[in-house]
Amino acid sequence: MKTIVKTCLGAAMALGFAASASAQSADFSPVLLIESGPSDNPEYRRMVFVKYLAGNSVSVNYRAYNRTEFTQVPNTTPSDVIRACANGAASNLSDIRAFERAEASRERNRQAPEVTRFCIKNVPNWEGGGRTTWLDPIFNGLPYAASLNN
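In this text the structure is predicted, and so the values were computed from the model without any measurement.

**Student:** Even after reading the chapter, I still don't get unusual backbone geometry, so can you show me in this structure?
**Tutor:** Among all residues except glycine, the phi angle is most often negative; among peptide bonds, the trans geometry is most common. Its identity as a non-glycine residue notwithstanding, Arg110 has a phi of 55 degrees, on the positive side. Along the chain, the position of Arg110 falls in the loop between α3 (93-108) and β6 (116-120). Look at Arg110 and you get exposed, because its relative accessible area is 81%. One non-glycine residue, Asn122, lies in the positive phi region at around 55 degrees. Looking at where Asn122 falls in the secondary structure, it is placed in the loop between β6 and α4 (126-139). Overall, the relative accessible area of 47% leaves Asn122 in the partly exposed class.

This is the structure in structure tokens:
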């Protein structure tokens, strides 16, 4: 039986941090593979998947249509994409901010979202502000809650 979990962004991110805390001694981000792309729900323009990696596999995968409700779903990302994130370079903040600007432009021009992936790992001061700095640009444009659909 599949377990469906709805939680807020803070709790979801805290879960990933707690799962990786034993391997890290300071306030660093977990290893996250984040995918943004067109929504499979016609009420939403875009959706985001947040995947917590443990080595070369996904330990937990969440789908979000808005910024407050995350549903745990099975992972469908190809293993080569997961390995590339786990073993490759992390995305840089300037690329994430460029995505935010490009996505806002696509939305203003009524263009479909593009599938984009980010690999976030070892970001310092994660709980002290790094999480907001790195994730807000990816989630900007999504409604804050289901009742605020645009």
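What follows continues from the structure just given.
**Student:** Just to check I follow, could you spell out the pattern of salt bridges for this structure?
**Tutor:** For side chains bearing opposite charge, pairing can occur when the charged atoms are close. Taken as a whole and assessed by the stated rule, the structure comprises 9 salt bridges. Here Arg106 makes a salt bridge to Glu114, at a shortest N to O gap of 3.8 Å. Its relative accessible area of 10% is what places Arg106 among the buried residues. On the basis of relative accessibility, which here comes to 46%, the residue Glu114 falls in the partly exposed class.

**Student:** Is there a simple way to explain the pairing of strand β2 (residues 32-38) in this structure?
**Tutor:** In terms of burial, β2 is a largely internal element, 6 of the 7 residues being buried. Sheet analysis places β2 next to strand β3 (residues 46-54), joined by 7 bridges and oriented antiparallel. Bridge assignment links Pro38 to a residue of β3, and that residue is Arg46. Bridging between β2 and β6 involves 5 bridges; their strand directions are antiparallel. Bridging across to β6, Leu32 finds its partner in Ile120.

Quick notes on the rules
- Residues numbered from 1 in each chain as written.
- Predicted model: local features only at pLDDT ≥ 70, side-chain atom pairs only at ≥ 80, totals over all residues.
- Heavy atoms only, no water.
- Helix = DSSP H or I, 4+ residues; strand = E, 2+ residues; numbered from the N terminus.
- Buried < 20%, exposed > 50% of the residue type's maximum accessible area, 1.4 Å probe, protein only.
- Salt bridge = Lys/Arg side-chain N within 4 Å of Asp/Glu carboxyl O.
- Pairing = 2+ DSSP bridges.

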